[in-house]
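Chain by chain, the residues run as shown.
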Amino acid sequence: MGFWPVVLNVLRNSDVILLLVDARMPEISQNSEIINKVENMKGKRLIVVFNKSDLINRKEIDVLKKEYPRALFVSAAKKIGVGNLKSTIKNMADNWGRDSLRVGVVGYPNIGKSTLINLLAPKANAKVSSVSGTTKETQWIRVGNIRYLDSPGVIPFGDKKTKLGLTASKNPHKIRNPEKVAIDTIEFLMAKKPGTLEKYYNASGDTSYELLESIGKAKGFLVKGGKIDENRTAIKIIDDWQKGKISLK
Ligand SMILES: Nc1nc2c(ncn2[C@@H]2O[C@H](COP(=O)(O)OP(=O)(O)OP(=O)(O)O)[C@@H](O)[C@H]2O)c(=O)[nH]1
Ligand SMILES: [Mg+2]
């Protein structure tokens, strides 16, 4: 199913929508189309949840908290902040006029929707994997007076390749031009937190291209003639970023 059919289905059938975004790149993973849509739907509540906050440092969380005062910060993988989210939802459910509160979870592929659902509703036993597109169907799980809805990750159309690579929405081996996506990813990281890639790969370079070459060299990714295997290096960088190995701490 395409983007809007999945999202609209979740929005229509939920009282509360949890929009999961990646704490490492709020500006990229925040989806204002969804936010606008929910704000225009009567009686629906939106909670923006920054997941993977284990990959950024405390100071950065404080900055984001000021910028997004109503958002919640969690790490589903490390089970941080989930108690707070749970009690927020529980309070809403207890004050809800009807017998059960329906909570839908939406977000890009691989953002951690199923991991979070499994913490909120352990009996969901939703499948989690680093391969994007793991969840294929929407499913409801009931816990007391709350019903949770897990959904497949969705990509708004018009999203550029770089964004898809950065948000882990596309398997790096299936990206048509990984070099371009890697260069854009390197530039994103150079601007966001200089030195991150240098430290992780023990590499250096003044430009994104030099840095890519240096990373390939540090990894020993060479092709005949001693040249750097740029394709393999690019895929490696995107994969490491997507798997959360490159932290912004
Ligand atoms: N570092 C880190 N990794 C996380 C966190 N939450 C989930 N992950 C990892 O992210 C990957 C994707 O998790 P899923 O829960 O399957 O993501 P999803 O949003 O359900 O993905 P789709 O079903 O493909 O849309 C897995 O490898 C998780 O272990 C987190 O808080 N921190
Ligand atoms: Mg899933």
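Our structure is the block above this text.
The model shown is predicted, which means the values in this text are computed figures rather than measured ones. Within each chain, residue numbers correspond to sequence positions counted from 1 in written order. Here every chain gets a letter starting at A, and every ligand a number starting at 1, in the order they are written. Selection of residues for local features in this predicted model requires a pLDDT of at least 70, selection of side-chain atom pairs for listing and counting requires 80 or more, and totals for whole chains, interfaces and linings are taken over all residues.

## Overview of the pairing of strand β4 (residues 101-106)
Just so we agree on the cut-off: Residue burial is a threshold on neighbouring C-beta atoms within 10 Å of the residue's own C-beta, all placed from the backbone, with 20 or more meaning buried, 12 or fewer meaning exposed, and counts in between meaning partly exposed. Numbering of helices and strands runs from the N terminus, with a helix taken as a DSSP run of H or I at least four residues long and a strand as a DSSP run of E at least two residues long. Note on pairing: DSSP must find at least two bridges between two strands before they are called paired.
Along β4, five of the six residues are buried, which leaves the element largely enclosed by surrounding structure. As defined by bridge partners, strand β1 (residues 16-22) adjoins β4 across four bridges and the pair is classed as parallel. Looking at β4, one finds that leucine 18 is bridged to valine 105.

## Details of the site of ligand 1
Threshold: We count a residue as near a molecule or strand when its backbone-placed C-beta atom lies within 6 Å of that partner.
The environment of ligand 1 is formed by 25 residues, the closest being Ala77, Gly112, Ser114, Thr135 and Gly153. Among the elements that take part in the shell around ligand 1, helix α6 (residues 113-120) stands out by supplying three residues, more than any other.

## Some words on the environment of threonine 167
Here is the rule we go by: Note on contacts: each residue gets a C-beta atom placed from the backbone, and two residues are in contact if those atoms are within 7 Å.
In this structure, threonine 167 sits in the loop between α7 (161-166) and α8 (178-192). You can call threonine 167 buried: it has 24 C-beta atoms within 10 Å. Through-space distance from the C-alpha of threonine 167 to that of tyrosine 108 is 7.0 Å; in sequence the pair is 59 residues apart. Among residues more than four places away in sequence, those in contact with threonine 167 are Asp22, Ile28, Ser29 and Tyr108.

## As for helix α10 (residues 208-219)
Residues spaced three or four apart along an α-helix point in a common direction, a consequence of the helix completing one turn every 3.6 residues. Note the threshold: One fewer than the residue count of a helix, multiplied by 1.5 Å, yields its expected span.
If you check α10, its first and last C-alpha atoms are 16 Å apart, about what 12 residues at 1.5 Å a residue would give, namely 16 Å. Buried-residue contacts for α10 involve α8, α9 (196-201) and α11 (230-242). Where α10 terminates, the next one or two residues include glycine 220, which has phi positive at roughly 75 degrees.

## Description of the sheet that holds strand β2 (residues 45-51)
Operational definition: For helices, the axis comes from a line fit to the C-alpha atoms of the stretch in contact; other axes are also lines fit to C-alpha atoms, and the angle between any two N-to-C directions lies between 0 and 180 degrees.
The strand order across the open sheet built from six strands is β3-β2-β1-β4-β6-β5, with neighbouring strands paired in mixed fashion. With one partner strand each, in any of the chains shown, β3 (72-73) and β5 (139-143) form the two edges of the open sheet. Alignment of β4 against strand β6 (residues 146-150), held across four bridges, turns out to be parallel. Bridge assignment links leucine 101 to a residue of β6, and that residue is isoleucine 146. On top of the sheet, α6 reaches β1, β2, β4, β5 and β6; it is set at about 160 degrees to β6, its chief contact.

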